[in-house]
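A look at the structure
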Amino acid sequence: SDTMPKEMNFHPWGLESSDILKNAPRGEYAKYKSLQQTIRALGHENRIIDILKVDCKACEWGIYQDWFTSNVDIRQILVKVHQVPSNANNFFRRIDEEGYVTFHKEPDIQYEGGNCVEYAFLKLAPEFFGRESKGTLSW
């Protein structure tokens, strides 16, 4: 059998939007946690996350708001976007408002019928943009 490196941990839950979990009937999403719940469960509050990698078969469109309200400082976001919903502009606008820039973009033409794109976003210091940071954590 394959052995997992000791530095790698898997947890027995999926990721879902905090809004969906807040309004879901009890038990319907028992195997899911929001990013905030995950961070709390793992004791990662007020920490820096160097890289957040998200590839969740289109859940990114529902969970991205949680990336910015989870009481952590995420330095890089690597996300594979699936399909493109009508509200995709809101996703990219929020990324920009939070001080991230795109440093890599690559179409994934091998899977999902070519309807996916890998993005890599890097958080820059607010001074780079000449604006104040909206975040609660210090740079």
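Look up a bit, the structure's there.
Overview of the structure. (Residues numbered from 1 in each chain as written. Predicted model: local features only at pLDDT ≥ 70, side-chain atom pairs only at ≥ 80, totals over all residues. Heavy atoms only, no water.)

**Thoughts on the packing of aromatic side chains**
Test applied: Any two of the Phe, Tyr and Trp rings considered here, Trp counted by its six-membered ring, make a pair once their centres fall within 6.5 Å; the pair's planes then place it as stacked at under 30 degrees, edge-to-face at over 60, or tilted in between. Throughout, exposure labels follow a simple rule: accessible area from a 1.4 Å probe, protein chains only, divided by the maximum for the residue type, with under 20% read as buried, over 50% as exposed, and the rest as partly exposed. Helix and strand assignments come from DSSP, with helices taken as H or I runs of at least 4 residues and strands as E runs of at least 2, each series counted from the N terminus.
In the structure shown here, the tally under the stated rule is twelve aromatic pairs. Ring centres of Tyr29 and Tyr32 lie 5.7 Å apart, and the angle between their planes is 70°; on these two criteria the pair is classed as edge-to-face. A relative accessible area of 25% places Tyr29 in the partly exposed class. Residues Trp61 and Phe91 carry aromatic rings whose centres are separated by 4.9 Å and whose planes lie at 65° to one another, so their mutual orientation is edge-to-face. Pair noted here: Trp61 is in helix α3 (residues 60–63) and Phe91 is in helix α4 (residues 88–97), with a separation of 30 residues, a long-range link.

**Structural notes on the pairing of strand β4 (residues 73–82)**
Where we set the bar: Only strands that DSSP links by at least two bridges are regarded as paired with each other.
Within β4, seven of the ten residues are buried, leaving the element largely enclosed by the surrounding structure. Sheet topology places strand β3 (residues 48–54) next to β4; six bridges connect them, and they run parallel. When the bridges of β4 are listed, Leu52 appears paired with Ile77. In the sheet, β4 pairs with strand β6 (residues 116–123) via seven bridges, with the strands oriented antiparallel. Each bridged residue has a counterpart across the sheet, and for Ile77 the counterpart in β6 is Phe121.

**A short note on the state of the cysteines**
Selection rule: Two cysteine sulfurs form a disulfide in these notes if their separation is within 2.5 Å.
The tally for this structure, following the rule as stated, stands at one disulfide. Cys116 carries a free sulfur, and the closest cysteine sulfur to it, the one in Cys56, is 11 Å from it.

**Focus on the side chain of Lys123**
The test is simple: Polar contacts here mean pairs of N or O atoms no more than 3.5 Å apart (in protein, one a potential hydrogen donor and the other a potential acceptor; neighbouring residues in sequence count only if both atoms are side-chain atoms).
Relative to the elements of secondary structure, Lys123 occurs in strand β6. Accessibility expressed as a relative area gives 17% for Lys123, which makes it buried. A distance of 3.0 Å separates polar atoms of two side chains, one belonging to Lys123 and the other to Asp73.

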